[in-house]
Structures are given as C-alpha cells and as structure tokens.
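Listed below are the residues making up each chain.
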Amino acid sequence: MTAPAPSPAPRPPAPPSPLAPRTPESLKKEGSLLLSYGLAAASVVVAFFAQQLLWPYMSSGPFLAFFAAVAFAGWWGGWGPGLVATALSLVTVDYFFLSPLGNWMIHPGNVIALAFFLALSLFVTLLNVRLRRANADRADLLERERASRAAAEYERARLHELFTHAPAHLVIFRGPQHVFELSNPLNSAMLGNPEHLLGLPVREVVPREEVERVARILDHVYATGEPFVGREMPLTLPQPDGSQREYIFDITYTPTHDTHGRVDGIAGFGFDVTDVVRSRARAERLARELSHNEEHLRLLAGASSFLATSLDYKATLRNVVRLAVPTLADWCLIDSALEDGTFQRMEVEHAATEPETFVEPLRSRTTYESGLPKLAGAAPLFHGQPFFIEDFNDDLLPQITSDPERIALLKELRVRSLVVVPLVVGERSLGLLSFVTTHRSGRSYTRADLPFLQELANRAALSLENARLYREAREAVRLRDEFLSIASHELKTPLTPLNLKLQSLRRELDRNPGPVPRELVERYLDVGSRQMKKLAELVNDLLDVSRIAAGRLSLECVSMDLVELVRDVVAAYEGPAARSGSVLQLECTDAVMMGTWDRARLEQVVVNLVDNAIKYGQGRPIHVRLETRDGRAALTVKDQGIGISEESLPRLFGRFERAVSDRHYGGLGLGLYITRTLVEAMGGTVRVESRLGQGSVFTVELPLQAKR
C-alpha cells in the first residue's frame with residue numbers, strides 16, 4: 001500500500017561546490033605576507049608612542065604596551081610577525097626605557113626582565129597562533145557544515161521531487177500502528193485524496209474491504225523485519241462515483257531501522273500493473289481463441305465433406321451427432337420440427353464418459369418441448385438465433401418442464417452448459433440441434449463458441465435439407481412412375497370397352513348389309529358415351545391439377561341453391577349406384593340453402609364424394625345429408641364400405657395419394673386433392689372420419705349467403 005505526497009516541492013537548489021581545506025595563510029583577512037610584517041612593526045611603533053605617553057605615570061611597567069603589540073602581531077600574522085614584534089619590542093624597551101637609557105648594551109640587571117618579557121611574548125604568540133588556527137579550523141568546519149547542509153538539502157529536495165513525480169506508489173509508515181509519514185500524489189489519488197493523510201494510521205485510511213489484508217502484511221514486516229514482495233496482488237478500492245474498481249499491483253514493503261538497528265517503520269513501493277496484467281490476459285485469451293478457432297476451422301473444413309458422405313436422411317442425422325460427440329459436446333440431440341409446433345426426437349449421441357442409461361429416456365421424449373420457447377422466446381426458434389445457458393442449474397428446470405420425470409432426468413444428467421441451435425434453411429425451420437456438456441467432463445461453453453456451433457448447425461441444416469430434398473425427389477419420381485402407370489391404366493380402361501363396342505358395331509355392319517337395328521346401335525352408343533364421359537373426367541382431373549399447380553385455377557361464383565345442386569347429382573348417380581348394388585339416400589333439413597359459389601366446381605366436389613362412396617361402398621347404402629350448422633352449410637356423404645386405415649388419413653387429401661391398392665380400385669388419386677382445393681378456394685373446409693372396415697364419412701362445410 002502506498003500513499004500521496006504533500007505539496008509539490010520547489011525546484012532543488014544547485015549543488016554547492018566543494019571547498020578545499022584552508023591553511024592559516026589562506027585565512028588572512030587582507031593583504032599579503034609583507035603587510036602582516038608591516039603591521040607587526042607598526043604595532044611596535046604604536047606601542048612605543050603609547051609607552052612614551054604613559055611613561056610619566058607608569059615608569060615601573062615599560063613592557064605593558066609592547067605586550068599588546070606582540071599580542072596583536074601574533075594574533076594577526078602568526079609566528080613570523082609575532083617574533084618580529086617581540087624582537088623589536090625587546091630592542092626598543094632596552095634602548096629607550098631601561099637604564100642606562102640610550103645605550104644598546106644590555107645591563108645585567110635588565111636581563112631577567114627582558115627574558116621574562118621574551119618568555120611571555122613567546123607564550124602569548126603561541127596562544128594567539130593556536131587561537132588563530134582554532135578559529136581557522138572552526139571556520140573551515142563551519143564552511144564544511146554549511147556546504148554539507150546545502151548538499152543534503154539539495155539531495156533531500158531532489159529525492160522529494162523524485163518521490164513526488166515517480167511513476168510508482170510510494171509511502172513511508174512509522175511505528176507499530178503504521179502511521180503515514182510520507183505518501184506521494186499518485187498514491188494519495190488512489191486512496192481518494194483524504195484530508196490530513198499524514199499522521200493517520202493505515203487502518204483509518206485503507207478501505208475496510210482491504211484493510212485487514214494490508215494491515216496483516218505490514219504487521220508481519222514490522223514484527224519480523226523481513227521484507228515483503230507481492231506480485232500481481234489485487235486491490236479493490238472505491239471510486240469517487242461510488243463504484244468499486246479492482247487494481248493489480250506489484251508491491252514491496254521494506255522495513256526501516258533507527259540508529260540502534262531496531263525496526264521503526266516501513267517503506268512501501270507499489271507499481272500499478274493492472275493494464276499490463278489485463279493486456280496479458282487479453283493476449284492469452286486471444287491466443288486461446290485463435291487456437292480454438294483454428295481447431296474449429298479444421299472441424300468445419302471436414303464437416304461439409306463428412307456430412308455429404310450420404311444423402312440418406314437418417315444417415316445424415318447420424319453423421320451430425322457423430323460429428324459433435326465427443327469433440328464438441330458430451331451429448332448431442334436432434335429434434336425434428338412438426339407442423340403443430342412441437343418437436344420429435346430423432347437422434348441422441350453421447351460421449352463414452354456419459355451413462356448409457358440416459359439414452360433411451362432422452363430418445364423417447366423431448367425434455368424441453370414446452371419450456372424452451374418460454375426461456376428463449378419465439379424468435380430464436382424461427383430466426384436462426386441460438387439459445388445459450390452457460391451455467392445450467394436446477395433452478396431453471398421448472399421453467400423448462402413441469403414433468404417430474406423430465407426434471408429428475410435432467411438432474412441426473414448433470415448438465416453444465418446447453419446450446420440449442422435452430423436448424424434453419426431459408427425461412428424453413430427443420431428442427432433443433434442441441435449441444436450439451438456435463439459436470440462429468442468439466443467442459444462448458446462460452447459465447448465465443450456460439451458462432452462456431454451455429455455455423456456447424458447451418459451446415460448440418462443444409463445437409464439435412466439436401467437429404468430431405470433427395471428423399472422427396474426420389475419419392476416424387478416414385479409417385480410419378482406410379483401415377484404414369486395408373487394414368488395409362490385408367491386412360492385405357494374407358495378406351496378398351498369403347499374400342500370393343502366399335503369393333504362389334506363394325507362386325508354387325510359387315511354381317512348385315514342392310515340397316516342395323518336401332519336398339520343395338522343405341523346400346524353401343526350408351527356404352528360409348530359412358531366411357532367417353534369417364535375419359536373426359538380423367539382428362540379434366542389432370543387439367544385441374546395442372547391449373548392448381550400453376551396457380552391458374554379460377555372460380556365464377558354466383559348466387560345459387562345448394563339443395564337443388566345436390567338433388568340433381570344424387571338423381572344422376574342413382575343409376576351407377578344401383579349398378580354397384582348401393583342405394584343413394586338423400587336427407588335435407590332445409591328446402592333452400594343459398595350461397596355464392598362456382599356451380600360447376602361445387603358440382604364437381606359433390607360428384608367426387610358421391611362417386612368415391614359408390615366405388616368403395618361395397619354395395620351398401622350410401623347416406624347423403626345436407627343441413628345447416630352454425631350458419632354454414634354442411635354436406636355429409638357416408639358409406640359403409642372398406643374404410644380407411646388410420647395411418648392413411650393424414651395424407652388422404654394429398655396429390656396422387658391413394659389409400660387403397662391400384663390393382664383392386666381404379667383412379668388417379670386426384671379426386672380428393674381437387675375436392676379439398678376447390679372447397680378451400682370457396683371458403684369452406686373438408687374432413688374425413690373413417691376406420692378400416694367400418695366405412696367413411698366425408699363432411700364439407702361452406703359459408704352460406706347472409707340473409708337480408
């Protein structure tokens with residue numbers, strides 16, 4: 001932990017130049033060596049005149065003034081000038097002030113006085129010289145101290161500036177409470193620039209979320225004297241806006257010692273490596289993603305060729321799940337979309353580490369058929385967007401399904417991550433492709449995996465669509481061949497008796513040169529007319545199918561009475577019904593049912609239903625009922641014939657679809673398809689209820705004309 005600095009320090013002064021030690025000669029106040037000796041001589045002269053003036057009053061002390069001269073000369077100039085002043089003073093005193101006066105000869109009585117003066121002068125000079133040297137040394141020491149203080153102040157100012165502008169967090173703590181003694185601005189800013197930071201203990205400054213951890217480290221350093229070095233340590237600090245921000249620091253705490261070697265504080269150095277660590281983490285993540293993407297690209301490169309190994313629909317489904325497991329998922333499931341909006345489970349594949357016991361329960365049911373749309377919304381299922389749960393947990397299970405068995409199954413499966421990708425080709429939804437990882441493998445998906453899984457699902461969807469189209473193409477070819485076989489047979493059916501009757505008529509003409517009996521010709525013409533009518537119906541059915549496929553089917557709707565039309569059709573088909581052994585029974589609840597319909601097309605619908613009832617009625621009574629239901633006309637044609645199997649009912653109204661064998665019953669398989677198309681074009685509906693061996697009931701409902 002580091003802290004802010006006080007106020008910015010002034011620029012440090014220039015460092016002082018070092019001073020060389022000075023000799024006594026270098027300490028002279030002024031002048032040169034000659035001046036010093038001159039002053040020594042001058043002081044003796046001054047002492048002479050002073051002694052002359054004081055002689056009348058001090059005749060007993062001739063040396064007093066000259067002592068002062070010697071002391072001055074020794075203090076000013078040192079030994080040389082002091083000795084000169086001493087010598088001059090001895091000569092002057094002996095000549096002018098000691099008897100015999102005016103004589104250069106030294107009187108024996110004056111020797112002791114002169115010797116004493118000489119000794120005192122030398123002693124005074126010695127003291128002055130030493131005093132002078134002591135003063136010089138003292139001045140030199142003072143100068144050195146000043147220079148040292150200036151240098152120390154300079155270094156202190158420079159160190160302070162360095163701490164202030166350092167690109168690191170610097171702090172100094174004192175005492176066992178770790179009181180802030182110094183904190184540079186960078187560290188203070190990190191702490192939120194608290195007032196009066198210096199002097200506060202660390203426990204009052206550091207946020208409470210981090211204070212115990214920081215204080216524990218500082219206590220250990222202070223108690224043991226061992227430095228602490230922490231690399232990439234996270235530190236969460238509050239921001240001015242109230243948010244929390246995580247920093248990452250390289251921190252060093254070093255103990256400081258007093259003069260006795262005892263720990264008295266801690267110096268802290270912190271380097272903010274948040275950007276470095278996060279950049280490195282991003283680089284590592286990008287490297288992993290790049291490696292991951294390279295692996296994904298290799299898988300995608302081989303996926304298309306692998307999925308294209310077969311055009312069989314079931315084999316393609318199997319290839320899809322084998323491609324995902326175990327490389328990409330622990331479980332892979334494929335659900336085919338049904339017309340009612342639900343899904344049918346088609347394939348389940350699992351890794352070797354997953355229990356085999358879950359396969360059949362997962363294959364037998366779609367575990368999220370009702371819950372997934374609630375979690376994901378409708379858009380992902382129909383617009384190709386994947387549904388993703390990174391961390392799957394048991395709290396989501398009630399949202400997926402309310403079935404206790406399904407919830408128990410998913411709990412036992414131990415799902416960790418789930419990705420459900422719609423299989424979409426264009427605007428067509430083929431189903432769902434589910435990728436699952438479990439806690440057994442420890443793998444999980446992230447959002448970075450979604451584009452790859454979606455691309456894999458797109459390729460799988462294309463392969464499934466190709467397989468479906470191939471299957472439908474083969475089925476279309478089969479239906480075409482079957483239709484051509486049936487059509488050729490059906491077209492020959494009316495032509496054969498017509499040809500036979502014409503041949504018989506030719507033989508009659510050849511056998512009877514005269515007129516042929518009218519009854520015979522009429523009989524032949526009746527058979528020919530019926531076969532021609534049958535042939536025309538077959539051709540018209542083919543023309544109607546081509547018009548419907550091309551979108552050129554048109555209606556000419558007029559106001560008409562349905563009761564009248566049904567009566568006419570029933571009357572016209574009483575003969576054919578009688579020939580097959582059946583009886584047509586008509587029941588009408590209303591005398592008139594008016595509506596706006598195409599008369600010819602509506603007659604075609606009624607004819608198709610009645611003709612079917614006669615064909616498959618097995619000579620049993622046929623009931624035709626016309627009534628009004630909820631404001632709509634309801635036409636019911638019921639037979640008691642062979643009936644229709646349950647599996648054939650959904651495709652009964654399809655084009656070229658037949659619920660019976662073409663060997664036993666004729667027809668192109670177009671009548672009910674045309675009937676459904678015409679009824680729906682006139683705003684109505686048609687449906688069938690039937691059981692095998694129990695007959696069939698066809699019901700047509702049409703909108704009635706509003707009464708005025």
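Relevant structure appears above.
Residues numbered from 1 in each chain as written. Predicted model: local features only at pLDDT ≥ 70, side-chain atom pairs only at ≥ 80, totals over all residues. Heavy atoms only, no water.

Next up on the list: a positive patch on the surface. A cluster of basic side chains, namely Arg245, Arg278, Arg282, Arg285 and Arg288, defines a positive patch on the protein surface. For the positive patch, the element with the most residues is helix α7 (residues 274-307), which contributes 4 residues. Among the secondary structure elements, Arg278 is positioned in helix α7. What makes Arg278 partly exposed here is its relative accessible area of 34%. (Patch = residues over 30% accessible without salt bridge, like charges linked within 9 Å, V, L, I, M, F, W, Y side chains within 5 Å. Areas by Shrake-Rupley, 256 points an atom, 1.4 Å probe, with all protein chains shown as cover. Salt bridge = Lys/Arg side-chain N within 4 Å of Asp/Glu carboxyl O. Lys, Arg positive; Asp, Glu negative; His and termini not counted. Charge placed at Lys NZ, Arg CZ, Asp CG, Glu CD. Helix = DSSP H or I, 4+ residues; strand = E, 2+ residues; numbered from the N terminus. Buried < 20%, exposed > 50% of the residue type's maximum accessible area, 1.4 Å probe, protein only.)

Now for helix α6 (residues 208-224). Between its first and last C-alpha, α6 extends 25 Å over 17 residues, near the 24 Å set by a 1.5 Å rise per residue. Looking at α6, one finds that the buried residues are Glu210, Val211, Val214, Ala215, Ile217, Leu218 and Val221. Along the axis of α6, the buried positions cluster into a sector of 165 degrees, meaning they face one direction only. In α6, the exposed residues that point more than 90 degrees away from the buried face are Glu212, Arg216 and Ala223. Looking at the buried side of α6, the elements it contacts are β1 (169-174), β3 (228-238), β4 (244-257) and β5 (263-272). Within two residues after α6, Gly225 carries a phi angle of roughly 75 degrees, on the positive side. (Expected span 1.5 Å × (residues − 1). Arc of directions from axis to C-beta. Contact = heavy atoms within 4.5 Å.)

So, on to the pairing of strand β6 (residues 331-337). Of all 7 residues in β6, 6 are buried, a share of seventy percent or more. In terms of strand pairing, β6 meets strand β7 (residues 343-350) through 7 bridges, oriented antiparallel. Following the sheet pairing, Trp331 is matched in β7 by His350. Bridge count between β6 and strand β10 (residues 428-438): 6 bridges; the pairing is antiparallel. (Pairing = 2+ DSSP bridges.)

On to the sheet that holds β6, then. On the basis of which strands lie adjacent, the open sheet formed by 5 strands has the order β7-β6-β10-β9-β8 and antiparallel pairing. Looking at which strands have only one partner, the edges of the open sheet turn out to be β7 and β8 (387-389). If you compare each strand with its neighbour and ignore which way they point, the axes differ by 15 degrees on average. Seen against the sheet, helix α8 (residues 313-324) touches β6, β7 and β10 and runs at an angle of roughly 50 degrees to β7. (Axes fitted to C-alpha atoms, helices over the stretch in contact; angles between N-to-C directions.)

Attention shifts here to the packing of aromatic side chains. Under the counting rule described, the total for this entry stands at 9 aromatic pairs. Here the aromatic rings of Phe48 and Phe49 are separated by 5.4 Å at their centres, their planes lie at 70 degrees, and the arrangement is edge-to-face. Here the aromatic rings of Phe72 and Trp75 are separated by 6.4 Å at their centres, their planes lie at 40 degrees, and the arrangement is tilted. Of this pair, Phe72 and Trp75 both sit in helix α2 (residues 64-77), 3 residues apart, which is roughly one turn of the helix. On the basis of relative accessible area, Trp75 is assigned to the partly exposed category, the value being 38%. Following the ring pairs from residue to residue traces out a cluster consisting of Phe72, Trp75 and Trp76. (Phe/Tyr/Trp six-rings, centres within 6.5 Å; stacked < 30°, edge-to-face > 60°.)

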